[in-house]
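# What the coordinates show
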Amino acid sequence: MDASRPQDLPSVTVAPFDQHDPAFIADPYPVFAALRARGEVHWHEEMGIALAVSHAASSAVLKHRSLGRIWSDAKPVESFANFNLLHRNSLLENEPPTHGRLRRLVAAAFGRGHVERLRPWIAELADRLVDELCARIADEGRADLLAHVAAPLPVEVIAELLGVPTADRPLLQPWSNAIVKMYEYALPEDKRAAAERAAGEFVAYLRDLVALRRRSPGDDLVSDLVAVTDTDGAKLTEDELVATAVLLLMAGHEATVNVIGNGVHALMTHRGQWERLVADQSLLSTAVEELIRYDSPLQLFERTATEPVEIAGFTVAPGTKIAALLGAAARDPLVFPDPDVLDVGRERNPHLGFGMGIHYCLGAPLARIEVQAALSALTRKLPKAEAAAVPRRRAEFVIRGLHELPLTSA
């Protein structure tokens, strides 16, 4: 028996799903409902991890102080120097006291008005991108929402936030896409190698950008991260600066592009909700939260036990991993009435899409602004939007999204 496998597993917790099965990837939510009916925590043999599937158990995983983000280097270590550097120095992969120091410094830099400074610019950007989408539909009869709006919007926003020169911005999305593949389970070797290459190129680029901002500060987050100091005079190291910038891009881009893609796809297949949003822009803020809940862009978030922890009667041994299955928690009927119903006016919506506890997403306010700006532009400028074809879904389980979403207009 694998030594990492808990010895006292409940009898119902073997191989609850195949994360590579296209049918499961297409719609995992009935499987999640069946799992919740059987129990709140399940052991997944192939993935080597316990999965919390209820909202209560997932919340407990995210909040428990003895369940941490304990980074373990990708192996072999000599083959993943840059990927491991980014994660060893990331606030997402560290626990107190390191996490507290990093979060204070990054939050202080964020707190210098960057999000509010960008709000009108983001609205203008979303309008311009949707105008280009509409023009392409008018010329060709259809156009891809992801290529023209959902993907470029967050990349441009993060690039503007960081102060990346316009000419360099096309580099960012391919780097992010390659690196985040490493968060999937049983990744093929060629994609692991591609992730390390992308990490190396990204690290080298950001070292140059940090050096430039040290010499010539600007009105951007990298300049503020260079300048910010803690109460004891401590600063971010260069590796921490680089890791923070990469985290902002990967988390900000991957989450936002997939909320917009998954969300608009859901609205296209629930016409009443799309038409409701077109008719009433006051529903935009609740719609953003509902789209995050309804088809979560991040399905799973891991923690590692530092001492024995009990979650919903399941004992997590020290060194063993447990994950909050966010997509399952978001459809828990004990928390969300009619959880399989898309309701853009849903008022009570305590989804876990941005996490909980000390690792709650620092970029959540920015992500909400981006998604709301995209929805506002789409509903105003393309009210008769329809799906032009069945979209292709990405094959990955952890980061849930589409390859494309072709739209037309009636």
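Everything here concerns the structure above.
Here's what I pulled together on the structure shown here. (Residues numbered from 1 in each chain as written. Predicted model: local features only at pLDDT ≥ 70, side-chain atom pairs only at ≥ 80, totals over all residues. Heavy atoms only, no water.)

We now examine the overall build of the protein. In terms of helices and strands, the protein carries 16 helices and ten strands. Taking 22 Å as the expected radius of gyration for a compact globule of 410 residues, we find that the protein reaches 21 Å, a close match to that expectation. By its C-alpha atoms, the protein is 60 × 55 × 40 Å across when sized along the principal axes. When the 410 residues of the protein are sorted by exposure, 56% land in the buried category. Taking the contacts inside the protein whose residues are at least 6 apart along the sequence as the reference set, 73% of them involve residues at least 24 apart. Computed over 43 positive and 55 negative side-chain charges, the inter-centroid distance for the protein is 2 Å. (Helix = DSSP H or I, 4+ residues; strand = E, 2+ residues; numbered from the N terminus. Rg over C-alpha atoms; globule rule 2.2 N^0.38 Å. Buried < 20%, exposed > 50% of the residue type's maximum accessible area, 1.4 Å probe, protein only. Contact = heavy atoms within 4.5 Å. Lys, Arg positive; Asp, Glu negative; His and termini not counted. Charge placed at Lys NZ, Arg CZ, Asp CG, Glu CD.)

A word on the side chain of H351. Along the chain, the position of H351 falls in the loop between α15 (326-329) and α16 (364-381). A relative accessible area of 11% means that H351 is categorised as buried. One polar contact links the side chain of H351 to the main-chain amide nitrogen of G353, over a distance of 3.0 Å. Excluding its chain neighbours within four sequence positions, the residues that come into contact with H351 are E289, I292, R293 and F336. (Polar contact = N/O pair within 3.5 Å; in protein donor to acceptor, adjacent residues only side chain to side chain.)

Turning to helix α2 (residues 29-38), a few remarks are in order. Considered for burial, the residues of α2 that qualify are Y29, F32, L35 and R36. What you see down the axis of α2 is that its buried residues fit within an arc of 115°, all on one side. Against the buried residues of α2 lie α1 (22-26), β1 (41-44), α14 (284-294), β8 (321-325) and α15. (Arc of directions from axis to C-beta.)

Our focus in this paragraph is the sheet that holds strand β2 (residues 49-52). As summarised here, the arrangement of the five strands in space is β1-β2-β8-β5-β3, forming an open sheet in which the pairing is mixed. Either end of the sheet is taken by a strand with one partner, and the two such strands are β1 and β3 (67-68). Sitting on the sheet, helix α3 (residues 55-63) touches β1, β2, β3, β5 (300-305) and β8, and the angle it makes with β8 is about 125°. (Pairing = 2+ DSSP bridges. Axes fitted to C-alpha atoms, helices over the stretch in contact; angles between N-to-C directions.)

Tallied over the entire structure, the rule returns 26 salt bridges. The salt bridge involving R192 is made with E189; its shortest N-O contact spans 3.2 Å. Highlighted residues: R192 and E189, both in helix α10 (residues 189-215), separated by three residues, approximately one helical turn. Look at R192 and you get buried, because its relative accessible area is 16%. Where salt bridges share partners, they join E156, E160 and R169 into one cluster. (Salt bridge = Lys/Arg side-chain N within 4 Å of Asp/Glu carboxyl O.)

All right, on to the packing of aromatic side chains then. Given two aromatic rings, one states the distance between the centres and the angle between the planes to describe the pair. Enumeration over the complete set of coordinates arrives at eleven aromatic pairs. An angle of 75° between the planes, with centres 5.9 Å apart, marks the rings of F24 and F32 as edge-to-face. Classification of F32 as buried rests on a relative accessible area of 0%. Ring centres of F354 and Y360 lie 6.3 Å apart, and the angle between their planes is 65°; this geometry places the pair in the edge-to-face category. Through successive ring pairs, a cluster of aromatic residues spans F17, F24, Y29, F32 and F397. Over the ring of F336 we find R293; its NZ or CZ atom is 5.4 Å from the centre of that ring. (Phe/Tyr/Trp six-rings, centres within 6.5 Å; stacked < 30°, edge-to-face > 60°. Lys NZ or Arg CZ within 6 Å of the ring centre and 35° of its normal.)

So, about the sheet that holds strand β4 (residues 143-144). Two modes of strand pairing occur in sheets, parallel and antiparallel, and in both the strands are linked by backbone hydrogen bonds. Strand order in the open sheet formed by three strands is β4-β10-β9, and the pairing between neighbours is antiparallel. Only two strands of the sheet have a single neighbouring strand rather than two, namely β4 and β9 (385-387). Where β4 meets strand β10 (residues 406-409), two bridges bridge the pair, whose relative direction is antiparallel. Bridge pairing in β10 places A143 opposite L407.

Below, the discussion takes up the environment of E396. Within the secondary structure, E396 sits in the loop between β9 and β10. With relative accessibility at 13%, the residue E396 sits in the buried group. Between the alpha carbons of E396 and A186 there is a distance of 11 Å; along the sequence they are 210 residues apart. A polar contact is formed between the side chain of E396 and the side chain of R394, at a distance of 3.3 Å.

This is a description of form; function is not addressed.
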